[in-house]
Amino acid sequence: MKLIAALTDPANAHSAQADGADLLELRFDLMNGDPAAIARQAAAASTLPVIATFRSVQEGGRYAGNPGEWLERITPVLPFVAFVDVEQRFSQHAGVIREAGKTIIASCHCDVMPGMYELFDLERGLRSYGDIVKIIVTPQNAEDVIELITFTNAIRQPICTGVMGTGFRYARAILPLFGSEFVYCSAGTPTAQGQYSLQEFIRLRALLGM
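*Asks:* Before we move on, can you summarise the pairing of strand β8 (residues 182-186) with the specific residues and values?
*Replies:* Of all five residues making up β8, five are buried, and the element is well covered by its neighbours. By the alternation rule, side chains of β8 split into F182, Y184 and S186 and V183 and C185, which are all buried.

Written out as structure tokens, the structure is:
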């Protein structure tokens, strides 16, 4: 399990590393300024691997560009990052990212809870172009959380699962016990509702014996 400090300000990169993060995520869609300059600043302040993310409006972020514009935005930051978050709508450019030697996190953020068959089908689709699959869902009840745990436990390749919103926030702490490899935490301003801070999750990890 790796702790990812999701940043809206590259100035927090150094403190996130000092607090115990394993990786940094730069949420470029939530930042103002030149992405390459932001990535350069974060890389200079930390030795941690960096994930580049332009989260689309359709999946809960603020990036409203088309796939061609996404590629134009992501290309200048590639020299400064190790991972790139690639949603399905941008997957046509996965080859370019891979040729640059970057690890692809193939992601999907759902405002519903897919059924079990849909989850496995989604995982296969994301795996077709990604190295690590990230599936974030919105449970409606405790049974949905149990299904998400069951699905996570069944996957034998690198996967990150999680939940959107605050209603089932506890699932963020439980899923790593069943195979979710990444936990996204806030370091400064949260990038998602229900997110634990980096310090909170480090305490939880110790209490749960992860």
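*Asks:* Let's hear about the sheet that holds strand β6 (residues 132-137): which residues, and what values?
*Replies:* In a beta sheet, neighbouring strands are held together by backbone hydrogen bonds and run either parallel or antiparallel to one another. A sheet is described by the order of its strands in space; here eight strands give the open sequence β7-β6-β5-β4-β3-β2-β1-β8, paired in parallel fashion. In this open sheet, the two strands that pair with only one neighbour each are β7 (159-163) and β8. Ignoring strand direction, the axes of neighbouring strands in this sheet form an average angle of 25°. Examined bridge by bridge, strand β4 (residues 83-87) and strand β5 (residues 103-109) share five bridges and lie parallel to one another. Note that in β5 the partner of F83 across the bridge is T103. Where helix α5 (residues 116-127) meets the sheet, it contacts β5, β6 and β7, and its direction lies at approximately 140° from that of β6. Docked against the sheet, helix α8 (residues 198-208) engages β1 (2-7) and β8, running at close to 165° with respect to β1.

*Asks:* So what's going on with the packing of aromatic side chains? Which residues, and what values?
*Replies:* Going through the model one piece at a time under the given rule, you end up with eight aromatic pairs. Ring geometry for F28 against F54: centres 5.1 Å apart, planes inclined by 20°, an arrangement best described as stacked. Of this pair, F28 sits in the loop between β2 (23-27) and α2 (35-45) while F54 sits in the loop between β3 (50-53) and α3 (67-74), placing them 26 residues apart in sequence. F54 carries the same exposure label as F28, and that label is buried. With a centroid separation of 5.5 Å and an interplanar angle of 65°, the aromatic rings of F54 and Y63 are classed as edge-to-face. Residue class for F54 comes out buried when judged on its relative accessible area of 1%. An aromatic cluster is built from F28, F54, Y63, W70 and F90, whose rings are joined through pairwise contacts. Its end group placed over the ring of Y184, K134 keeps NZ or CZ at 3.7 Å from the ring centre.

*Asks:* Describe in detail the layout of surface pockets, supporting the description with residues and values.
*Replies:* Its boundaries defined by the atoms lining it, the largest pocket holds a volume of some 420 Å³. Along the wall of the largest pocket there are 26 residues; nearest its centre are H109, I136, V163, R172 and A192. For the lining of the largest pocket, the secondary-structure elements that each account for two or more residues are β2, β6, β7 and β8. It is β7 that provides the largest number of residues to the lining of the largest pocket, a total of four residues.

*Asks:* Hey, could you go over the pattern of salt bridges for me, with residue numbers and the actual values?
*Replies:* Scanning the entire structure with this criterion turns up nine salt bridges. Across the pair R89 and E87 runs a salt bridge whose closest N-O atoms are separated by 2.8 Å. Across the pair E200 and R169 runs a salt bridge, and its minimum N-O distance is 3.4 Å. You can see E200 sitting in helix α8 and its partner R169 sitting in the loop between β7 and α7 (171-174), a full 31 residues away along the chain.

So, how was this worked out
Residues numbered from 1 in each chain as written. Predicted model: local features only at pLDDT ≥ 70, side-chain atom pairs only at ≥ 80, totals over all residues. Heavy atoms only, no water. Buried < 20%, exposed > 50% of the residue type's maximum accessible area, 1.4 Å probe, protein only. Helix = DSSP H or I, 4+ residues; strand = E, 2+ residues; numbered from the N terminus. Pairing = 2+ DSSP bridges. Axes fitted to C-alpha atoms, helices over the stretch in contact; angles between N-to-C directions. Contact = heavy atoms within 4.5 Å. Phe/Tyr/Trp six-rings, centres within 6.5 Å; stacked < 30°, edge-to-face > 60°. Lys NZ or Arg CZ within 6 Å of the ring centre and 35° of its normal. 1 Å grid on protein atoms, 1.4 Å probe; cavity = no way out; pocket = protein on both sides within 12 Å on 5 of 7 lines; lining within 4 Å. Points joined across faces, edges and corners; volume = space filled by probe spheres on them. Salt bridge = Lys/Arg side-chain N within 4 Å of Asp/Glu carboxyl O.

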